[in-house]
Amino acid sequence: MALLFKSDTDRIDIWQEALAKLMPDLEVRVWPDVGNAADIEFALVWNPPVGELAKLPNLRAIFSMGAGIDHLASDPDLPEDVPVVRMVDEGLTQGMTEFVVMAVLRHHRRIHDYQTQQRQKHWAQLVTPLAPDRKVGILGLGVLGADSAEKLVYLGFDVAGWSRTQKSLPGVESYSGDEGLRAFLKRTEILVCLLPLTTGTKGILNSTNLGLLPHGASLINVARGGHMVPEDVLAALDSGQLAEATLDVFPEEPLPAQSPFWDHPRVLVIPHCASVTLPKTAAENVARGIEAVRKGEALQNVVDFERGY
Ligand code: NAP
Ligand code: GLV
């Protein structure tokens, strides 16, 4: 028996249909209609209310609908002995890579400046380098960062990445550690954040780190709002240290009406949909996980809460 915790945006019927097709024997209940809590073996969640998972005494695995599990990690009552599986899914990866490539190209080819010129009916050609002369840096070279890096390398960009452990990805310069972060930022003209939100990465987009980028760099944050210190990002934009930002995630979502990001002339606000989990492909991952638990096999993509992701 599985319990589905609905997200704000998901159509729950699509998840139910997808799961029923793959696992006709799996009875699925939708929170808050839990019934007998002891029946529930699996939970599929995005952002469940704090304490709700702790009420399920026979839970065998928790499947996150998202790649990020920061919302689960912040539940003080999260059952400690139940594995949490994060979403690793082809569709989610493809969606993110599409968004990152689009945003990098938009900054690279100064599309925002052309939009400004258009409003002014001003005709001027702006010179931009070709991709091999554009340095893109990706914070986080995990499932999503590595795929974006690969596709940007394919387009010819000069790509580097920063991760906890050193990587060896074709055409990607790898940096790690604090010293590595400084060197990585100093060379990065378009910065993409694809880190998980942990105690080690919270507030990483702060004035010190943004100040290490070359003047006039661009920022693309597609990870979590908590990676940004919002006042520092705004100050960097206002001083010209950051020329532009594409922001998909914010410390408070939905972004409050009074947030200065909404009206900032050099910010593109996207409502946390750089990549969304699509039940069609994601349900296959959940079904594989449930099968693994039932057969006593090892689960893939289990979160390491010591590491924080
Ligand atoms: P992942 O596979 O776990 O990769 C995380 C990467 O970050 C790894 O390369 C890891 O290094 C690195 N990292 C973690 N902590 C670090 C630290 N303290 N210092 C340096 N590097 C560190 O995660 P993913 O699947 O790529 O997803 C990344 C994040 O994207 C998610 O956590 C989520 O927040 C966000 N996301 C956003 C959207 C959206 O629509 N905006 C959609 C999906 C996901 P190692 O490789 O050395 O472990
Ligand atoms: C979305 O933000 C995710 O973590 O999958």
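Just above sits the structure.
As a starting point, this report considers the structure included with it. Just so you know, these numbers come straight off a predicted model, no measurement behind them.

A look at the site of ligand 2
Stage number 1. Neighbouring ligand 2 are Trp-46, Gly-66, Ala-67, Gly-68, Leu-92, Arg-224 and His-272.
Stage number 2. Within the backbone of Ala-67, a nitrogen or oxygen atom sits 2.7 Å from an oxygen atom of ligand 2.
Stage number 3. With respect to ligand 2, the backbone of Gly-68 contributes an N or O atom lying 2.8 Å from an oxygen atom.
Stage number 4. Protein contact buries 86% of the 190 Å² of open area that ligand 2 shows by itself.
Stage number 5. Class assignment of the residues belonging to the shell around ligand 2 gives a composition of three nonpolar, three polar and one charged.

Re the site of ligand 1
Stage number 1. Close to ligand 1 lie 27 residues, the nearest being Arg-86, Thr-165, Lys-167, Asp-248 and Tyr-309.
Stage number 2. In the model, a nitrogen atom of ligand 1 is placed 2.6 Å from a nitrogen or oxygen of the Asp-248 side chain.
Stage number 3. With respect to ligand 1, the backbone of Ser-275 contributes an N or O atom lying 3.0 Å from an oxygen atom.
Stage number 4. For ligand 1, whose accessible area on its own is 940 Å², the fraction buried by protein is 92%.
Stage number 5. Elements represented by at least two residues in the shell around ligand 1 include exactly helix H5 (143–154) and strand E7 (158–163).
Stage number 6. Tallied by class, the residues present in the shell around ligand 1 amount to 14 nonpolar, eight polar and five charged.

Comments concerning a nonpolar patch on the surface
Stage number 1. Taken together, the side chains of Leu-105, Tyr-154 and Leu-155 present a nonpolar region at the surface, about 340 Å² in accessible area.
Stage number 2. Residue placement: Tyr-154 occurs in helix H5.

Calculation notes
Residues numbered from 1 in each chain as written. Chains lettered and ligands numbered in written order. Predicted model: local features only at pLDDT ≥ 70, side-chain atom pairs only at ≥ 80, totals over all residues. Heavy atoms only, no water. Near = heavy atom within 4 Å. Polar contact = N/O pair within 3.5 Å; in protein donor to acceptor, adjacent residues only side chain to side chain. Areas by Shrake-Rupley, 256 points an atom, 1.4 Å probe, with all protein chains shown as cover. Nonpolar A, V, L, I, M, F, W, Y, C, P; charged D, E, K, R; others polar. Helix = DSSP H or I, 4+ residues; strand = E, 2+ residues; numbered from the N terminus. Patch = residues over 30% accessible without salt bridge, like charges linked within 9 Å, V, L, I, M, F, W, Y side chains within 5 Å. Salt bridge = Lys/Arg side-chain N within 4 Å of Asp/Glu carboxyl O.

In short, the description is geometric, and any link to function would need to be established separately.
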